[in-house]
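# A structural walkthrough
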Amino acid sequence: DAGVIQSPRHEVTEMGQEVTLRCKPISGHNSLFWYRQTMMRGLELLIYFNNNVPIDDSGMPEDRFSAKMPNASFSTLKIQPSEPRDSAVYFCASSREQKNQPQHFGDGTRLSIL
Amino acid sequence: SQKIEQNSEALNIQEGKTATLTCNYTNYSPAYLQWYRQDPGRGPVFLLLIRENEKEKRKERLKVTFDTTLKQSLFHITASQPADSATYLCALDNNAGNMLTFGGGTRLMVKP
């Protein structure tokens, strides 16, 4: 089975530009999670979806961040406008909806905002 | 406030020894706890899950314990190998759906 697929793997852009990160979850998984990982703050949950519906977005840092899941096989995380402090590795993960399910992570997008 | 604490200092051990990593938490009442492995440049990979009513779980050379009184989980790798070198993260549910909150991870270095 294909795992969680994220694109791009690396993104370097200038401050103020719009950034769009993409994720394809594992087929049959109906929960999807977006995380951000930095040395200082570790792995932080930004938002998660169940059955394409956002359930908890309390981790989204500010209005510059938005996430969508238009269908069961695709999600995007958008930052507009981007700032240098957004530089981090962004991970997408998916799981089955029930509690106690392991989460399956993609290999992340390393984002650098200059 | 809620906290999940893992030793931020790297753990260095000799090949063949048992590695023991600690995960302590405060102001959580998790129904289960998970352990993940993360290699550089990769996403975390699930290893083991232990429920609050389980004291211990084993999988091959891995063993996890869960003490809800001490609010602590221990993660053991027996007969460690250089290939076990990675960062290990614990994660708790917070009784809010299937969300997890992750600790900061501990880096393990196994030397030949």
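Going by the structure above, here's the rest.
Bear in mind the structure is a predicted one, so any value in this text is a computation, not a measurement.

## Re the sheet that holds strand 1 (residues 5-7) of chain A
Residues and elements named next belong to chain A. Across the sheet, four strands lie side by side as 1-3-8-7; this open sheet has antiparallel pairing. Only two strands of the sheet have a single partner each, and these edge strands are strand 1 and strand 7 (65-71). Averaged over all neighbouring strand pairs, the angle between strand axes comes to 15 degrees, with direction disregarded. Where strand 3 (residues 19-24) and strand 8 (residues 74-79) come together, five bridges link them in antiparallel fashion. Its bridge partner lying in strand 8, Cys23 is registered against Ser75.

## Remarks on the sheet that holds strand 6 (residues 56-59) of chain B
Residue and element names in this part refer to chain B. Across the sheet, five strands lie side by side as 1-3-8-7-6; this open sheet has antiparallel pairing. Unpaired on one side and paired on the other, strand 1 (3-6) and strand 6 mark the two borders of the sheet. Strand-to-strand twist of the sheet, defined as the mean angle between neighbouring strand axes without regard to direction, takes the value 15 degrees. In terms of strand pairing, strand 7 (residues 62-67) meets strand 8 (residues 72-77) through six bridges, oriented antiparallel. Residue pairing for strand 8: Asp67 is matched across the bridge by Gln72.

## Examining the state of the cysteines
All names here are of chain B. Applying the stated criterion across every chain yields a total of two disulfides over all chains. For Cys23, the disulfide goes to Cys90, at an S-S distance of 2.0 Å. One quick way to see it: the torsion about the S-S bond of Cys23 and Cys90 is about 70 degrees, and its sign makes the bridge right-handed. Of this pair, Cys23 sits in strand 3 (residues 19-26) while Cys90 sits in strand 9 (residues 86-93), and the two are 67 residues apart along the sequence. Each member of the pair, Cys23 as well as Cys90, is classed as buried.

## Quick word on the interface of chain A and chain B
Of the residues lining the interface, 23 residues belong to chain A; the matching set on chain B comes to 19 residues. Summing the contributions of chain A and of chain B, the shared interface buries around 1700 Å²; its carbon and sulfur component is 50%. Of all residues in chain A, Leu43(A), Lys99(A) and Asn100(A) give up the largest surface area on contact with chain B, accounting jointly for 33% of the area buried on that side. Inspection of the region where chain A meets chain B yields two salt bridges. Where Arg42(B) meets Asp107(A), a salt bridge forms, and the shortest distance between an N and an O atom there is 3.0 Å. At the junction of chain A and chain B, the tally comes to 11 residue pairs in polar contact (both at pLDDT 80 or more). If you list the elements that add at least two residues to the side of chain A that touches chain B, you get strand 4 (31-38), strand 5 (42-50) and strand 9 (88-95) of chain A. In terms of residue class, the side of chain A that touches chain B is built from eight nonpolar, nine polar and six charged.

## Let's talk about the environment of Ser112(A)
Residues and elements named next belong to chain A. The residue Ser112 is located in strand 11 (residues 109-113) in this model. Spatially, the C-alpha atoms of Ser112 and Ser87 are 4.7 Å apart, while their sequence positions differ by 25 residues. Ser112 has contacts with Glu11, Val12, Thr13 and Ser87, leaving out every residue within four places of it along the chain.

## Brief notes about the nonpolar core
Judged by nonpolar contacts, the single largest core of 23 residues is most densely connected at Ile4(B), Leu33(B), Trp35(B), Phe75(B), Ile77(B), Tyr88(B) and Leu108(B). Mapped onto this core, the elements with two or more residues apiece are strand 3, strand 4 (32-38), strand 5 (45-51), strand 7, strand 8, strand 9 and strand 11 (106-111) of chain B. With 21 residues, the next largest nonpolar core counts Ile26(A), Phe49(A), Met69(A) and Tyr90(A) among its residues.

Rules used throughout
- Residues numbered from 1 in each chain as written.
- Chains lettered and ligands numbered in written order.
- Predicted model: local features only at pLDDT ≥ 70, side-chain atom pairs only at ≥ 80, totals over all residues.
- Heavy atoms only, no water.
- Pairing = 2+ DSSP bridges.
- Helix = DSSP H or I, 4+ residues; strand = E, 2+ residues; numbered from the N terminus.
- Axes fitted to C-alpha atoms, helices over the stretch in contact; angles between N-to-C directions.
- Disulfide = S-S within 2.5 Å.
- Buried < 20%, exposed > 50% of the residue type's maximum accessible area, 1.4 Å probe, protein only.
- Contact = heavy atoms within 4.5 Å.
- Buried area = accessible area lost by both parts, 1.4 Å probe.
- Salt bridge = Lys/Arg side-chain N within 4 Å of Asp/Glu carboxyl O.
- Polar contact = N/O pair within 3.5 Å; in protein donor to acceptor, adjacent residues only side chain to side chain.
- Nonpolar A, V, L, I, M, F, W, Y, C, P; charged D, E, K, R; others polar.
- Core = buried A, V, L, I, M, F, W, Y, C linked by side-chain atoms within 4.5 Å.

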